[in-house]
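Structural characterization, general
Chain by chain, the residues:
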Amino acid sequence: MAFLFNSFLDWKAYSVAHSMELYDVVLEYEQDHKGQSAEEIMKGILRAYQVMCDAVKTGLNEEMKSRSGMINDGAKKVFQSPITVLSPEFQKLVARALAAKEVNSCMGRIVAAPTAGASGILPGTLVTLQEIHQLPDSVMVNALLLSAGIALIIQEKASLAGAVGGCQAETGSAAAMAAGAITFALGGTVDQQFNAVGITIQCMLGLVCDPVAGLVEVPCVVRNASAAAIANASAQMALAGLDPVIPVDQCVEAMGEIGQSMETRYKETALGGLAATRTGQEIAKKVLIQDIDILPDED
Amino acid sequence: MAKQSSIFNMIGPVMIGPSSSHTAGVVRIGRVAIRLLGVIPEQAVITFYNSFARTYEGHGSDRAILAGLMDFKTDDKRIKESLQLAKELPLHYIFKSVGNASTLHPNTIKLELKKNDKQIEVIGESLGGGVINIAEVDGFVTNFSASLHSLLIMAEDVKGSIAFIANVISNDQCNIANMSVSRKGKNKMACLAIEMDSGIKPTTLMYLKALHWVNEVIYVPDIDL
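Residues numbered from 1 in each chain as written. Chains lettered and ligands numbered in written order. Predicted model: local features only at pLDDT ≥ 70, side-chain atom pairs only at ≥ 80, totals over all residues. Heavy atoms only, no water.

Let's talk about the overall build of chain A
- Per the secondary structure count, chain A includes 13 helices and two strands.
- Projecting the C-alpha coordinates of chain A onto the three principal axes gives extents of approximately 60 × 55 × 40 Å.
- For chain A, buried positions account for 56% of its 299 residues.
- Put simply, 72% of the contacts in chain A that link residues at least 6 apart link residues at least 24 apart.
- Total accessible area on chain A is roughly 12600 Å²; 53% of this is exposed by carbon and sulfur atoms.
- Between the averaged position of the 20 positive side-chain charges in chain A and that of its 33 negative side-chain charges there is a distance of 9 Å. (Helix = DSSP H or I, 4+ residues; strand = E, 2+ residues; numbered from the N terminus. Buried < 20%, exposed > 50% of the residue type's maximum accessible area, 1.4 Å probe, protein only. Contact = heavy atoms within 4.5 Å. Areas by Shrake-Rupley, 256 points an atom, 1.4 Å probe, with all protein chains shown as cover. Lys, Arg positive; Asp, Glu negative; His and termini not counted. Charge placed at Lys NZ, Arg CZ, Asp CG, Glu CD.)

Let's talk about the domain arrangement of chain B
Residues and elements named next belong to chain B.
- By the assigned domains, chain B splits into domain 1 (14-138) and domain 2 (149-220).
- Each of domain 1 and domain 2 has a C-alpha centre, and the two are 26 Å apart.
- Listed by partner, the interface residues are four residues for domain 1 and five residues for domain 2.
- In terms of surface lost to domain 2, no three residues of domain 1 exceed Arg35, Leu36 and Val137, which account for 73% of the buried area on that side.
- On the surface where domain 1 and domain 2 come into contact, there are zero salt bridges.
- Viewed at the interface, domain 2 and domain 1 are joined by one residue pair in polar contact (both at pLDDT 80 or more).
- When the residues that make up the side of domain 1 that touches domain 2 are grouped by side-chain class, the tally is two nonpolar, no polar and two charged. (Domains from an automatic or database assignment. Buried area = accessible area lost by both parts, 1.4 Å probe. Salt bridge = Lys/Arg side-chain N within 4 Å of Asp/Glu carboxyl O. Polar contact = N/O pair within 3.5 Å; in protein donor to acceptor, adjacent residues only side chain to side chain. Nonpolar A, V, L, I, M, F, W, Y, C, P; charged D, E, K, R; others polar.)

What to know about unusual backbone geometry
Residue and element names in this part refer to chain A.
- With omega at -5 degrees, the peptide bond leading from Ala113 into Pro114 counts as cis.
- Mapped onto the elements, Pro114 comes out in the loop between strand S1 (109-111) and helix H6 (121-133).
- Looking along the chain, the bond that leaves Val218 and enters Pro219 is cis, with omega of 5 degrees.
- Along the chain, the position of Pro219 falls in the loop between helix H10 (190-204) and helix H11 (220-239).

What to know about the interface of chain B and chain A
- Chain B puts 43 residues into the contact, and the matching count from chain A is 54 residues.
- Inspection of the chain B/chain A interface yields two salt bridges.
- For the salt bridge of Arg47(A) with Asp75(B), the shortest nitrogen-to-oxygen distance reads 3.2 Å.
- Applying the counting criterion to the chain B and chain A interface returns 21 residue pairs in polar contact (both at pLDDT 80 or more).
- When contributions to the side of chain B that touches chain A are tallied by element, the ones reaching two or more residues are strand S1 (14-16), helix H1 (20-37), helix H2 (51-55), helix H3 (61-69) and strand S3 (92-99) of chain B.

Some details on the pattern of salt bridges
Residues and elements named next belong to chain A.
- For the structure shown, the criterion picks out 16 salt bridges over all chains.
- A salt bridge links Arg96 to Glu131, with the shortest nitrogen-to-oxygen separation between them at 2.9 Å. Remark: Glu131 occurs in helix H6 and Arg96 occurs in helix H5 (residues 88-105); sequence separation between them is 35 residues.
- Take Arg96: its relative accessible area is 7%, and that puts it in the buried class.
- The network of salt bridges with common partners includes Glu63, Lys65, Asp73 and Lys76.

Focus on the environment of Val158(B)
- Among the secondary structure elements, Val158(B) is positioned in the loop between strand S8 (149-156) and helix H5 (161-171).
- The spatial distance from the C-alpha of Val158(B) to the C-alpha of Trp213(B) is 7.9 Å, given a sequence separation of 55 residues.

Let's talk about the nonpolar core
- Within the largest apolar cluster, 93 residues are counted, with the highest numbers of intra-cluster contacts made by Phe5(A), Phe8(A), Trp11(A), Leu122(A), Leu145(A), Ile7(B) and Ile11(B).
- Examining the composition of this core, we find that 12 residues originate from one element, helix H7 (residues 137-157) of chain A, more than from any other.
- Not counting residues up to four positions away in its chain, the partners in contact with Leu145(A) are Tyr23(A), Val26(A), Leu27(A), Ile41(A), Met42(A), Ile45(A) and Ile7(B).
- Core analysis: the next-biggest nonpolar cluster, separate from the first, contains 44 residues, Met70(B), Ile132(B), Ala146(B) and Cys191(B) among them. (Core = buried A, V, L, I, M, F, W, Y, C linked by side-chain atoms within 4.5 Å.)

Remarks on the pairing of strand S4 (residues 107-115) of chain B
Residues and elements named next belong to chain B.
- Here strand S2 (residues 43-50) pairs with S4 via eight bridges, running antiparallel. Along S4, the bridge assignment pairs Thr47 with Lys110.
- Strand direction decides the pairing type here: S4 and strand S5 (residues 118-128), joined by eight bridges, are antiparallel. Each bridged residue has a counterpart across the sheet, and for Lys114 the counterpart in S5 is Gln119.
- Between S4 and S5, which follow one another and run antiparallel, lie two residues, and Asn116 among them has a positive phi close to 50 degrees. (Pairing = 2+ DSSP bridges.)

Brief notes about the side chain of Thr125(A)
- By secondary structure assignment, the location of Thr125(A) is in helix H6.
- Reaching out from Thr125(A), the side chain makes a polar contact with the backbone oxygen of Leu122(A) at a distance of 3.2 Å.

Set out below in structure tokens:
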């Protein structure tokens, strides 16, 4: 019986008991439940990674303008900006996360990892990581397997859906997956990988889902970039041995608890936060269909 | 663990954006509908309800549904161009918006499709993450997800018909995962929506079609293949 991803503590215990790497436990889970061979699964993950890389390229090379006009080639502006705030690598990281997410907003092909709304974070972080550290694709595949295990636990203990847990559930989870993946790829211990997840969640807790006009554009796109930055900051802390104090499983529980108590208007309904601002409402009026038959209320 | 999601739902699906419920799920509803009609339609009246009614343009659900009706998959880059591609086919389409339909799921689409003498009405719901529910077909409650191999059987409401059909399917080594039955009035027509773990043989389908009390058999194999 393969491990069922119910907690980080048990994941570690299972991997120790069976002398398996964390990503091998994920591989075994998928083989067991879906009946695919390890080779097929790794091929599928590599294909997903290639789609991520393509999305980054597309976002940086093709025109990215959404129908609403809110997305307007932001990634390219960042990539080509003459002002470098930290380092060229950081500038590229931000540009790439924006690029993949803009492709999503503009009806291009992406990997929903874990969701379409958070589809810029893993591409931005992993493409940049691979470039800086010259990592082989095999390491990227294992890092993605690990991140899938992280997502399975978050789905089980909290949520991955903005409509259920707010933005923390989408961009927060993607950033946690990315932080774990980075820490693994750079040789961090199992505890450091989990700490990276915990630290990221601590940084992303409470984020609400308040999309302007209900579209997956503002603030989703810029949040993908900031979440990519947080994932890297968290991995940096975890790899240095920083202790997040609250164990990762309890961080995930906190995320679930906050998601549950979050008001509906902050859960993808476009009724609160940025969506409810004066400008947000003006944009909504402009881009939403107004010619609509409203049925009478039922008694 | 209740859900036991595939890791390809965590790293995936690979899809055309922007939203799994507004694009991927909508494409899949279209793909089911053309299999129910048996052909790519010439005319489509597409009604978006409730939450879909206002946002379908911004989310590209209009392009997504036409893409599905033209048999594009959820990761097909042509989805973005589908308004133009439908005109070239030609697939004549009309979009309608209806709000406040309290008996319907927030993300509901009604499709009225026609080609020559064939026509069908399908009501589909996009449940999130690309998961769908085909709620109604020609007024019958069907409630199937089309994630497996599905079979719709319209038959006279005779005693023992369900047991008989289940037996025929099991003789083809098919395991039934879900089944729903609905009917329009006692002893009139009944509709069986059956989801199976594996595909069914053409001969089995022919046998079911040949039964005198069976009016129609529609087989919808895995729509994502």
